[in-house]
Amino acid sequence: MSYLNQKTVKNHISFKGVGLHTGLNVCVTIKPSMPDTGIIFKRIDLKKNNEIDANFKNVSSAKLCTKLQNESGASVSTIEHLMAAFYICGIDNILVNLNGPEVPIMDGSAKEFVKIIKDCGLKILEGKRKFVRIKNKIELKKEDGKFINIKPSN
């Protein structure tokens, strides 16, 4: 069944837009990727150490937007809506080239990104998707009484 297999896009996708926080015009090219490579942002405006894995361990800030940063200090921000579009479309592996520090805001949602991806089409890969299974309840509480938890489904 294809929903168990990893996916990428069929072809390159390019678009331009303005960064919400920087105001910079940014060109983005999304490229297909091989199984088990994950989602990688590549700052083509930087000469070296310019790849940033989309991994929770690389989140350096979540103030006003999500910012990813690699060990060398290269970063990309305002990734939320593009990442949501990847999730909505079931994309597991992709390379996102951009010539600036921020993903364009587009219409302020994931809608335009989803349309761009769906218009391109998806490619089903040989690799199987990986899933996280929650086995125990996990809860994080703050002193002010706020909390978040996740628990196994029944």
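Structure: above.
Described in the following lines is the structure provided in the data block. Just so we're clear, the structure is a prediction, and the values are computed from it rather than from any experiment.

## A short note on the layout of surface pockets
Here comes step 1: Roughly 480 Å³ of volume is contained in the largest pocket.
Here comes step 2: Taken together, 15 residues make up the lining of the largest pocket; nearest its centre are Tyr 87, Ile 91, Asp 92, Arg 129 and Lys 130.
Here comes step 3: Per-element accounting of the lining of the largest pocket gives the leading share, 3 residues, to helix H1 (residues 80–89).
Here comes step 4: Residue composition of the lining of the largest pocket, by class: 7 nonpolar, 4 polar and 4 charged.
Here comes step 5: Quantified by volume, the second largest pocket comes out at close to 360 Å³.
Here comes step 6: Along the walls of the second largest pocket sit Thr 37, Gly 38, Ile 39, Asp 53, Ala 54, Asn 55, Phe 56, Val 59, Met 83 and Asp 92, which together make up its complete lining.
Here comes step 7: Considering only residue class, the lining of the second largest pocket consists of 5 nonpolar, 3 polar and 2 charged.

## Some words on the sheet that holds strand E6 (residues 59–61)
Strands pair in a sheet through their backbones, by hydrogen bonds, and they do so in one of two ways: parallel or antiparallel.
Here comes step 1: Read across the sheet, 3 strands follow the order E6-E7-E8 without closing on themselves; strand pairing throughout is antiparallel. Looking at strand neighbours, the two that pair on one side only are E6 and strand E8 (75–77), the edges of this open sheet. Shown here is a sheet whose adjacent strand axes are inclined to one another by a mean of 35°, direction ignored.
Here comes step 2: Across 3 bridges, the pairing between strand E7 (residues 67–69) and E8 is antiparallel.

Procedures and definitions
Residues numbered from 1 in each chain as written. Predicted model: local features only at pLDDT ≥ 70, side-chain atom pairs only at ≥ 80, totals over all residues. Heavy atoms only, no water. 1 Å grid on protein atoms, 1.4 Å probe; cavity = no way out; pocket = protein on both sides within 12 Å on 5 of 7 lines; lining within 4 Å. Points joined across faces, edges and corners; volume = space filled by probe spheres on them. Helix = DSSP H or I, 4+ residues; strand = E, 2+ residues; numbered from the N terminus. Nonpolar A, V, L, I, M, F, W, Y, C, P; charged D, E, K, R; others polar. Pairing = 2+ DSSP bridges. Axes fitted to C-alpha atoms, helices over the stretch in contact; angles between N-to-C directions.

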